[in-house]
Amino acid sequence: MAVLNQLAQKLNVADQWKTDRRCRADVTIANVEEAELVLMKPRRLMNINGLSVASAAETYELGVEDIYLVHDDLDKPLGKMAIKLGGSARGHNGVRSCISSLRSDVSRPCRCMVRLRVGIGRPVEEALVESYVLGRFTSAEHEVLQRVLEQAADLLLGHILQRSSGKDHMPPGSKRDRTPH
């Protein structure tokens, strides 16, 4: 949610979030160049947030390929990000819920959503994954976090604008890694 908050602030719509009961989410809309962006933060539990995403897709008349899913990624170190078209959930229950609810077919490129995977690193002990993901960042991580959020919002917006202008030719299953400087 922090990346979306950063993007909303960048687009000057951070004070315009409204609860949309149709999709059980907080929503704000921003117009940028030729694109109208619907920013959405589901209010459901992560494991069923795909229901909110699917409802929003129907409500706002969005195709699966129009959806950008921003999520944390345990397999990437804190600060590392990648944009990826489609792909599996890789054990992420929130992503699995979105793929299932949207019926996003990884084998058909026209039915895939774009994902921004933001690295949070992996805990030392596997048994602590759930508490690690739901826990707070350490003070050392907070020092890096603001820069990561700004770069993630910039990367996301840049990709959206490039894609909406027809200049992006990212093949299915490909990804773009971006490490903050």
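Residues numbered from 1 in each chain as written. Predicted model: local features only at pLDDT ≥ 70, side-chain atom pairs only at ≥ 80, totals over all residues. Heavy atoms only, no water.

### Focus: the overall build of the protein chain
Now for step 1: When you go through the protein chain residue by residue, the secondary structure sums to five helices and seven strands.
Now for step 2: For the protein chain, the succession of helices and strands along the chain, N to C, is α-β-β-β-α-β-β-α-β-α-α-β.
Now for step 3: Within the protein chain, the proportion of its 181 residues that are buried is 45%.
Now for step 4: Intrachain contacts of the protein chain at a sequence separation of at least 6 include 67% that bridge at least 24 residues. (Helix = DSSP H or I, 4+ residues; strand = E, 2+ residues; numbered from the N terminus. Buried < 20%, exposed > 50% of the residue type's maximum accessible area, 1.4 Å probe, protein only. Contact = heavy atoms within 4.5 Å.)

### Quick look at the confidence of the model for the protein chain
Now for step 1: For the protein chain, the average pLDDT comes to 85, and 86% of its residues sit at 70 or higher.
Now for step 2: Averaged over each element, pLDDT in the protein chain is lowest for strand β7 (residues 175–178) (47) and highest for strand β1 (residues 18–20) (97).
Now for step 3: Here residues 169–175 is modelled with pLDDT under 50, and outside its nearest four sequence neighbours on either side it reaches 16 contacts, counting other chains as well.
Now for step 4: This stretch, residues 177–181, has a pLDDT under 50; its non-local contacts, to residues over four places away or in other chains, come to 18 contacts. (pLDDT = per-residue confidence, 0-100.)

### Remarks on the nonpolar core
Now for step 1: Judged by nonpolar contacts, the single largest core of 29 residues is most densely connected at L11, L37, L39 and L116.
Now for step 2: At the level of elements, α1 (2–10), β2 (25–32), β3 (35–42), β5 (81–85), β6 (114–119) and α5 (139–164) are the ones that each hand at least two residues to this core.
Now for step 3: Looking at this core element by element, the count peaks at ten residues for α5.
Now for step 4: Those residues within four positions of L37 in sequence are excluded, and the remaining contacts are L11, T28, I29, A30, V32, L157 and I160.
Now for step 5: M40, A56, V95 and I99 belong to the second-largest nonpolar core, a separate cluster that totals 16 residues. (Core = buried A, V, L, I, M, F, W, Y, C linked by side-chain atoms within 4.5 Å.)

### Some words on a nonpolar patch on the surface
Now for step 1: On the surface, a cluster of nonpolar side chains totalling about 290 Å² of accessible area is made up of L45, I48 and L51.
Now for step 2: Along the chain, L51 turns up in helix α2 (residues 49–59). (Patch = residues over 30% accessible without salt bridge, like charges linked within 9 Å, V, L, I, M, F, W, Y side chains within 5 Å. Areas by Shrake-Rupley, 256 points an atom, 1.4 Å probe, with all protein chains shown as cover. Salt bridge = Lys/Arg side-chain N within 4 Å of Asp/Glu carboxyl O.)

### A word on helix α3 (residues 93–102)
Within an α-helix, residues lying three or four positions from one another point in the same direction, as the helix has 3.6 residues per turn.
Now for step 1: Burial analysis of α3 places seven of its ten residues in the buried class, which makes it a mostly covered element.
Now for step 2: Inspection of α3 places G94, V95, S97, C98, I99, S101 and L102 among the buried residues, and these make up the whole buried set.
Now for step 3: Elements that come into contact with the buried residues of α3 comprise α2, β4 (68–73) and β6.
Now for step 4: Looking one or two residues past α3, R103 carries a phi angle of roughly 55°, positive in sign.

### Some thoughts on the side chain of N49
Now for step 1: Looking at the secondary structure, you find N49 in helix α2.
Now for step 2: Beyond its immediate stretch of four places on either side in the chain, N49 contacts P42, R44, G94, S97 and C98.

### A look at the environment of R21
Now for step 1: Looking at the secondary structure, you find R21 in the loop between β1 and β2.
Now for step 2: In this structure the C-alpha to C-alpha distance between R21 and R43, which are 22 residues apart in sequence, comes to 9.7 Å.

### Here we look at unusual backbone geometry
Now for step 1: In this structure, R24 is a non-glycine residue whose phi angle is positive, near 45°.
Now for step 2: Positive phi outside glycine occurs at R90, with the angle close to 50°.
Now for step 3: Its place among the elements puts R90 in the loop between β5 and α3.

### Brief notes about α2
Now for step 1: What α2 keeps buried is the set N49, G50, S52, V53, A56 and A57. Angularly, the buried residues of α2 cover 155° about the axis, an arc narrow enough to put them on a single face.
Now for step 2: Looking at the buried residues of α2, the elements they touch are β3 and α3.
Now for step 3: Downstream of α2 by one or two residues, E61 has phi in the positive range, about 55°. (Arc of directions from axis to C-beta.)

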